[in-house]
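# Structural features, examined
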Amino acid sequence: MPIRIAIPDPTAASWLGLPLWLWVTLGAIALFGAFQAYYWIGYKLGEKLYDSRFGRRLPRAQIQRVERVVEKWGALAVYGCFWVPVLRHTLPWVAGVLRVSYPWYVVASALGCLTWVPVTSFALYSVIWGWLKIAASSPLTAGLILLAAVVAFVLWRRHRSTKKALAA
């Protein structure tokens, strides 16, 4: 007798009793709040932020590249940073240090939250849901897919660290 696994309906998805769309909305609001906090931290601390323990974790050359992006593109860079992993974490406080126009910053960060959070949330949910569906019909195939993903990630990390070592 085959093992039956209940696959959740993606349109009726919920977590802790709340629908998925509500979690995505709460995530967008939380990210928007974090972006505002990062801006004001950068704004209030200014250049002192670069000398802090947090600022020392990033090479000064990387911060200067982010500064050039902000100076060139302004609020458009704030929107674009959502789609670039390193920029997403550094640009908000650099924008505060550089005193990017706050009204434009709010608009750009709100648009970024409204587009990036749903896209990534539903894409990740779709990948997980699809993998569960494959696992229900063929556990061996699902295991091979997971193993291939882990091997690809490990090889990518090794390649990246080798490339950094050669550049240094």
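The following paragraphs examine the structure supplied in this document. (Residues numbered from 1 in each chain as written. Predicted model: local features only at pLDDT ≥ 70, side-chain atom pairs only at ≥ 80, totals over all residues. Heavy atoms only, no water.)

With that out of the way, let us pick up the overall build of the protein chain. Check the secondary structure of the protein chain and you find eight helices and two strands. Ordered by position in the sequence, the α and β elements of the protein chain form the string β-β-α-α-α-α-α-α-α-α. Residue burial in the protein chain is summarised as follows: out of 168 residues, 27% are buried. For the protein chain, the share of sequence-separated contacts (at least 6 apart) that also reach a separation of at least 24 residues comes to 74%. On the protein chain, roughly 11500 Å² of surface is accessible, and the fraction owed to carbon and sulfur atoms is 71%. (Helix = DSSP H or I, 4+ residues; strand = E, 2+ residues; numbered from the N terminus. Buried < 20%, exposed > 50% of the residue type's maximum accessible area, 1.4 Å probe, protein only. Contact = heavy atoms within 4.5 Å. Areas by Shrake-Rupley, 256 points an atom, 1.4 Å probe, with all protein chains shown as cover.)

Tracing the backbone shows threonine 90 in helix α6 (residues 85–97). Not counting residues up to four positions away in its chain, the partners in contact with threonine 90 are Leu58 and Val66.

The terminal C-alpha atoms of helix α7 (residues 102–137), which comprises 36 residues, lie 52 Å apart, in line with the 52 Å expected from a rise of 1.5 Å per residue. Along α7, the residues that are buried comprise Tyr105, Ala108, Ser109, Gly112, Cys113, Trp116, Val117, Tyr125 and Ala135. In this fold, the buried residues of α7 make contact with α1 (20–45), α5 (75–81), α6 and α8 (139–167). (Expected span 1.5 Å × (residues − 1).)

Counting 30 residues, the largest nonpolar core has Leu31, Phe82, Leu91, Trp93, Val94 and Tyr105 as its most contacted members. Taken together, the elements giving at least two residues each to this core come down to α1, α2 (48–51), α4 (60–73), α5, α6 and α7. Ignoring sequence-local partners within four residues, the contact set of tyrosine 105 consists of Phe35, Gln36, Tyr39, Val78, Pro92, Ala95 and Val100. (Core = buried A, V, L, I, M, F, W, Y, C linked by side-chain atoms within 4.5 Å.)

Keep in mind that these numbers describe shape and distance, not what the molecule does.
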